[in-house]
Amino acid sequence: LFSLGPTCSNVAEPVFGTLQKRLGDATDTGLQFLFFTDTAIKFGLAKISPWAFRNVGNEPAMFELAFKLIKERHPELKTVAVAYESDFAHAVSTWKGATKPALEKHGYQVLDIVEWRFEDVEFGAQVTKLRKANADILVMMTHTFSTCGAVKEFKRQRVKAKLMVGITSAASTETMVGCGQAVEGMVIPTNFATINPKAKAVAEKAWTKYKADSNLHSVPAYENLYAIKGIVEKVGIKNEPAPLLADRRKVRDGLATLGTFQGVIGPIKMNGDDDPVKPRDVDKAIILVQAKNAQWTVWWQPPELEKK
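Notes on the structure in this doc start here.

So, the overall build of the chain
Inference 1: The number of helices and strands found in the chain is ten helices and 13 strands.
Inference 2: On C-alpha atoms alone, the chain measures out to a radius of gyration of 20 Å, which is about the 19 Å that the 2.2 N^0.38 rule sets for 308 residues.
Inference 3: Principal axes of the C-alpha set define a box for the chain whose edges measure 65 × 45 × 35 Å.
Inference 4: Looking at the chain residue by residue over its 308 residues, the buried ones come to 52%.

What follows is the structure in structure tokens.
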């Protein structure tokens, strides 16, 4: 009837490419099968097919907000050095499509850019370059494994920056367990933090029962499950082999017209097919978290969430 997934952007992109491109066109032989992903965050993926939907963060907006707020709070920080994973779709797209434009918009001077791979364990040469750059801000568009390896090399080479900014996916318990003290002070934009009783209850249950991390990727899986459950119960599917294609279309259309639904920390708006910029993607609150004493703390949140 539908799929909740796929997870990674580099998997979702080719999968979405197999789907129908023109909804209801009998000459379009692409798959008519709903995918609703919680994690594949590379910007624009849902545009590939009208059968592709996402409850993921808008990284261009997230990093634009992050550097706007950093500029306001720390106007004395003017220079930047960047590291990103050259072989990982999310890291590359976030650097080129979200972080770089935000740095340019807010007038930061990029002194150096280094690359490493997602599974690298040696960072000596790149960290030496970052040390020599001596930038005010280190921007780490790198996921947990290589981030932890790199920041440990920072300590060995005595690399110091006034602020570190990380990729969205690194705002996780996994990072705190792997290198919490080493990323002290790092700021990351995200769509989830334990800022209300519901969020705390979900996160505590997931960790206590399953050792499962609650973050901007995993919490949407919880939200998606309940959203799709409500649609299936509402649209009147027959759940029989013959009308399966019609049932799929009913659920797809239900999701396309869902509008605003309740997420764990606040309302989420599903944009419809006619949205010119982000069809079948969501709008939801952005929060900035900061690593302090091996925990993620709220560095900034929207006023409407502070009232809850």
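Brief notes about the sheet that holds strand 9 (residues 260-262)
Inference 1: Strand order in this open sheet of three strands is 9-10-11, and the pairing throughout is antiparallel. If you trace the sheet from one side to the other, it starts and ends with strand 9 and strand 11 (282-283), each paired once.

Some thoughts on the pattern of salt bridges
Inference 1: Under the defined criterion, the tally for this structure stands at 15 salt bridges.
Inference 2: Across the salt bridge formed by Lys42 and Glu13, the nearest N and O atoms sit 3.0 Å from each other. Here Glu13 lies in helix 1 (residues 9-17) and Lys42 lies in the loop between strand 2 (34-37) and strand 3 (52-54), a separation of 29 residues in the sequence.
Inference 3: Classification of Glu13 as partly exposed rests on a relative accessible area of 33%.
Inference 4: Its salt-bridge partner being Lys162, residue Asp136 comes within 3.4 Å of it at the nearest N-O pair. With Asp136 in the loop between helix 4 (124-133) and strand 6 (137-141) and Lys162 in the loop between helix 5 (144-157) and strand 7 (163-166), the pair connects residues that are 26 residues apart, well separated along the chain.
Inference 5: Lys162 gets classed as exposed once you look at its relative accessible area, which sits at 60%.

Description of the nonpolar core
Inference 1: Counting 68 residues, the largest nonpolar core has Phe67, Ile137 and Phe154 as its most contacted members.
Inference 2: Top element by residues in this core is helix 2 (residues 59-73). It accounts for seven residues.
Inference 3: With near-sequence residues (within four places) excluded, Phe154 lies in contact with Val127, Leu130, Leu138, Met140, Val159 and Met164.

Some points on unusual backbone geometry
Inference 1: Backbone torsion omega between Gly5 and Pro6 reads -5°, so that peptide bond is classified as cis.
Inference 2: Its location among the elements puts Pro6 in the loop between strand 1 (2-3) and helix 1.
Inference 3: Its identity is not glycine, yet Arg280 carries a phi of approximately 65°, on the positive side.
Inference 4: If you trace the backbone, Arg280 turns up in the loop between strand 10 (267-270) and strand 11.

Focus: the side chain of Ser169
Inference 1: Along the chain, the position of Ser169 falls in the loop between strand 7 and helix 6 (173-179).
Inference 2: The buried category is assigned to Ser169, whose relative accessible area is 14%.

Re the packing of helix 8 (residues 218-235) against helix 9 (residues 244-256)
When two helices pack together, their arrangement is given by the angle between the helix axes and the distance between those axes.
Inference 1: Contact pair helix 8 / helix 9: the axes reach a minimum separation of 9 Å and the direction vectors enclose 120°. With respect to each other, helix 8 and helix 9 are oriented oblique. Every pair of crossing elements has a handedness; the one defined by helix 8 and helix 9 is right-handed. From helix 8, Ile228, Ile231, Val232 and Val235 reach across to helix 9, where they touch Lys250, Val251, Gly254 and Leu255.
Inference 2: Taken together, the residues of the contact of helix 8 with helix 9 sort by class into six nonpolar, one polar and one charged.

A word on the pairing of strand 8 (residues 187-190)
Inference 1: Burial along strand 8 is two-sided: the residues Val187 and Pro189 and Ile188 and Thr190 are all buried.
Inference 2: Here strand 8 runs beside strand 12 (residues 287-292); their pairing, made up of four bridges, is antiparallel. In the sheet register, Val187 faces strand 12, and the bridge partner there is Gln290.

Focus: helix 8
Inference 1: An ideal rise of 1.5 Å per residue puts 26 Å on 18 residues; helix 8 measures up with 26 Å between its terminal C-alpha atoms.
Inference 2: The elements touched by buried residues of helix 8 are strand 1, strand 2, helix 9, strand 9 and strand 10.
Inference 3: A positive backbone phi angle near 75° is found at Gly236, which sits one or two residues after helix 8.

Each value, and the rule that gives it
- Residues numbered from 1 in each chain as written.
- Predicted model: local features only at pLDDT ≥ 70, side-chain atom pairs only at ≥ 80, totals over all residues.
- Heavy atoms only, no water.
- Helix = DSSP H or I, 4+ residues; strand = E, 2+ residues; numbered from the N terminus.
- Rg over C-alpha atoms; globule rule 2.2 N^0.38 Å.
- Buried < 20%, exposed > 50% of the residue type's maximum accessible area, 1.4 Å probe, protein only.
- Pairing = 2+ DSSP bridges.
- Salt bridge = Lys/Arg side-chain N within 4 Å of Asp/Glu carboxyl O.
- Core = buried A, V, L, I, M, F, W, Y, C linked by side-chain atoms within 4.5 Å.
- Contact = heavy atoms within 4.5 Å.
- Axes fitted to C-alpha atoms, helices over the stretch in contact; angles between N-to-C directions.
- Parallel < 35°, antiparallel > 145°, perpendicular 65-115°, else oblique.
- Left-handed = near helix turned anticlockwise from the far one by under 90°.
- Nonpolar A, V, L, I, M, F, W, Y, C, P; charged D, E, K, R; others polar.
- Expected span 1.5 Å × (residues − 1).

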